[in-house]
Each structure stands twice: as structure tokens, then as C-alpha cells.
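# Per-entry structural report
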Amino acid sequence: MAEKQESGQPLLVAKDIRKVFGSRKRTNEVLKGLDLTVEPGEFVGVMGASGAGKTTFLNVLATIDRPTSGTITIDGKDIVKMKDKALSKFRRSSLGFIFQDYNLLDTLTAKENILLPLSLGNPSKKEAEETYSQLVRTLSIEDVGGHYPHELSGGQKQRVSAARALIHKPKILFADEPTGALDSKSAAMLLGKMEELNLRQKVTIMMVTHDPLASSYCSRVLFLRDGRLYTELYRGERTRQEFFSDILNVQGVLGGEVHASH
């Protein structure tokens with residue numbers, strides 16, 4: 001899926017990221033000097049209590065919002081200095097997004113939704129069909145291509161959304177609470193598929209989640225507290241269950257909500 005980067009070159013580098021909302025005397029500094037480096041092929045989770053700044057951080061890194069100050073480079077390109085038109089083009093070509101609420105177009109079939117990002121480029125029909133076939137097999141949605149969103153389950157919708165996010169082979173996939181609207185079985189299936197894409201096809205993923213079980217699928221988890229990096233955990237050789245326990249321990253120290261229902 002993801003194109004290989006030059007060896008040793010980080011895919012994403014963020015330095016001293018700050019984000020201030022409001023103006024004059026009524027300001028709220030949500031991000032307070034965050035640094036982050038993401039290597040190609042990492043699966044990074046971002047956790048923290050409500051209000052810690054995790055979605056704001058993701059939005060800034062994903063070009064959905066701009067930081068108040070700091071630098072961000074993705075694939076060697078400085079996205080903070082890009083003009084809107086260039087940034088929009090970069091977003092379409094190099095980034096993929098999965099949101100909690102699917103964001104599928106109701107008037108298009110699942111296949112048409114998945115192929116939609118390619119309409120903005122100029123791939124050959126053969127290449128588009130090959131990429132589509134590979135993705136729907138990986139995500140186990142081969143049989144829903146002709147169905148409309150209202151005919152799909154929540155889990156199917158989110159896997160269609162994931163396929164749409166990956167169809168143009170982005171450099172990095174950003175996911176904001178991708179399991180938030182799913183039942184436990186659908187959530188586990190989606191996370192397993194994301195882990196498979198990461199391990200087998202080296203898709204780089206950055207995911208915000210409140211759920212320690214979701215984070216246990218990651219290779220690294222960042223914990224934010226009041227707009228700063230509190231700590232981070234690397235999974236390494238630990239089993240997912242062992243990593244899950246460690247994540248719960250850190251979350252307990254942070255005093256964040258524990259959602260271990262899945």
C-alpha cells in the first residue's frame with residue numbers, strides 16, 4: 001500500500017507544536033510545545049483524558065487545522081508553510097482519513113465511495129481495479145461493493161471508509177476514534193484489519209482513541225496530558241494482552257476514563 005521511504009528518513013516530524021484558541025485576553029492554549037517523530041510503518045496511538053488535546057493534535061498533524069506555532073514536515077515537505085491550494089493537493093494525494101462517523105456519501109455505492117478519491121487523480125482503470133480488489137479482500141468487504149451505505153452495518157461502513165482512505169496509497173493514515181461508533185465485535189475486526197495493513201503492507205497509521213484495547217493494536221502509544229506529552233509506551237515483543245495491561249496502568253495514573261468494554 002504505502003510507498004517505501006528512504007531508509008532512516010522519518011515520515012513525520014513535528015517540533016514545538018502549539019495551538020491557541022481564542023484571542024486577546026480570552027485564550028486557551030490546548031497544545032503546549034509537543035514534539036513527535038513517526039517512522040515509516042509505525043502504528044501510533046494517541047490517548048489522554050478528555051480535553052488533553054489529542055484530537056487537536058491529530059487535526060494539526062493531518063492538515064485539518066493549522067498550528068499557532070511550530071514546524072511539521074510530512075514526507076520531507078513543510079506543511080505549515082504550504083499555501084492553501086498546495087496543502088489541499090498534498091492532503092488529497094498523500095494523506096488518508098478515517099473518522100468516527102464514516103463520512104460516506106449516501107447516494108453512492110460502497111465501491112463508488114471507495115473509488116471516489118481516485119476521481120481527483122488520473123490512475124488507469126486497471127490499476128484502480130487492482131488496488132480496489134486488494135483492499136476489499138484485505139478488509140473482508142468483497143461482497144458489499146454494490147450496496148449503498150444505508151444497507152451496511154456500522155462495521156462494514158467503517159471498513160468501506162478505511163478502504164476509501166487507502167485507495168490512493170497515502171503516505172500516512174490518520175484515524176480519529178475509528179471504533180467509537182462500533183460494537184465490540186465490529187471494533188475488534190476493524191482494528192485487526194488495520195493491524196494487518198500496518199504489519200503486512202507497512203501502512204503508517206496514527207490513531208486517536210480513548211479505548212486502551214484499541215491502543216493495544218498499536219506499536220507505540222502516546223499519552224497526552226494538558227496539551228503536553230506525558231509519556232509513551234512501545235509494544236516491542238509484548239503480546240497485545242500484555243501491552244493492553246500496561247496501557248491500562250498508565251491510563252490509571254493519568255486519571256483518564258477507562259473504557260475496557262470491548
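A brief look at the structure comes next. Fair warning: this is a prediction, and the values are worked out from it, not measured in the lab.

Quick notes on the rules
Every residue gets a number counted from 1 within its own chain, in the order that chain's sequence is written. Per-residue local features are limited, in this predicted model, to residues with pLDDT of at least 70; the limit for side-chain atom pairs, both in listing and counting, is 80 or more; totals at the level of whole chains, interfaces and linings are taken over all residues. As a convention, hydrogens and water are excluded, and side-chain values are obtained from all of the structure's heavy atoms. Labels follow the DSSP assignment, with helices taken as runs of H or I lasting at least four residues and strands as runs of E lasting at least two, numbered in each case from the N terminus. Under the rule applied, a polar contact is a pair of N or O atoms within 3.5 Å (in protein, one hydrogen donor and one hydrogen acceptor; residues adjacent in sequence only if both atoms are side-chain atoms). Contacts are assigned to residue pairs that have any heavy atoms within 4.5 Å of one another. Joining through side-chain atoms within 4.5 Å is the link that ties buried Ala, Val, Leu, Ile, Met, Phe, Trp, Tyr and Cys residues into a set, and such a set is a nonpolar core. For each residue, the accessible area found with a 1.4 Å probe, counting protein chains only, is set against the maximum for its type, and the residue is called buried under 20%, exposed over 50%, and partly exposed in between. In short, DSSP must find at least two bridges between two strands for them to pair. Lines fitted to C-alpha atoms define the axes, with helix axes restricted to the stretch in contact, and inter-axis angles between N-to-C directions lie between 0 and 180 degrees. Oblique is the label for every angle not falling under 35 degrees (roughly parallel), over 145 degrees (roughly antiparallel), or within 65 to 115 degrees (roughly perpendicular). Left-handed describes a crossing in which the near helix is turned anticlockwise from the far one by less than a right angle; the clockwise case is right-handed. Three classes are used: nonpolar for Ala, Val, Leu, Ile, Met, Phe, Trp, Tyr, Cys and Pro, charged for Asp, Glu, Lys and Arg, and polar for all others, with Gly counted as polar. One side-chain nitrogen of Lys or Arg within 4 Å of one carboxyl oxygen of Asp or Glu is enough to make a salt bridge.

### Focus: the side chain of Ser-94
If you trace the backbone, Ser-94 turns up in helix 2 (residues 84-94). Only 3.3 Å separates the side chain of Ser-94 from the side chain of Ser-93, close enough to count as a polar contact. Excluding anything up to four places from it in sequence, Ser-94 contacts His-168, Pro-170, Lys-171 and Ile-172.

### Structural notes on the nonpolar core
Core analysis: the biggest nonpolar cluster contains 45 residues, and Ile-114, Ile-141, Val-160, Met-207 and Phe-223 have the highest contact counts within it. In terms of nonpolar packing, the next biggest core, distinct from the first, is built from 31 residues, Ile-17, Val-46, Met-82 and Phe-90 among them.

### Remarks on the pairing of strand 6 (residues 95-99)
Taken across its 5 residues, strand 6 has 4 buried, putting it largely inside the fold. Across 5 bridges, strand 6 lies against strand 7 (residues 172-176) in parallel orientation. Within the sheet, the bridge partner assigned to Ile-98 lies in strand 7 and is Ala-175.

### Brief notes about the packing of helix 5 (residues 154-166) against helix 6 (residues 184-201)
At a minimum axis separation of 9 Å, helix 5 and helix 6 run at an interaxial angle of 20 degrees. With respect to helix 6, the axis of helix 5 lies roughly parallel. Note that helix 5 runs across helix 6; the crossing there is right-handed. Judged by residue contacts, Gly-155, Gln-158, Arg-159, Ala-162 and Leu-166 of helix 5 engage Ser-186, Met-189, Leu-190, Lys-193 and Leu-197 from helix 6. Taken together, the residues that form the contact of helix 5 with helix 6 break down as 5 nonpolar, 3 polar and 2 charged.

### Observations regarding the pattern of salt bridges
For the structure shown, the criterion picks out 12 salt bridges. Across the pair Glu-232 and Arg-220 runs a salt bridge, and its minimum N-O distance is 3.0 Å. Of this pair, Glu-232 sits in strand 10 (residues 228-234) while Arg-220 is found in strand 9 (residues 220-225), placing the two residues 12 residues apart along the sequence. Of the residues examined, Arg-220 reaches a relative accessible area of 4% and is grouped as buried. Via salt bridges that share partners, Asp-16, Arg-18 and Glu-29 belong to a single interconnected network.

### Some remarks on the sheet that holds strand 5 (residues 77-78)
Spatially, the 4 strands line up as an open sheet ordered 2-1-4-5, and their pairing is antiparallel. The strands lining the two open edges of the sheet, one partner per strand, are strand 2 (26-38) and strand 5. Along the sheet, helix 1 (residues 54-61) makes contact with strand 1 (12-23), strand 2 and strand 4 (69-74), crossing strand 2 at roughly 65 degrees.

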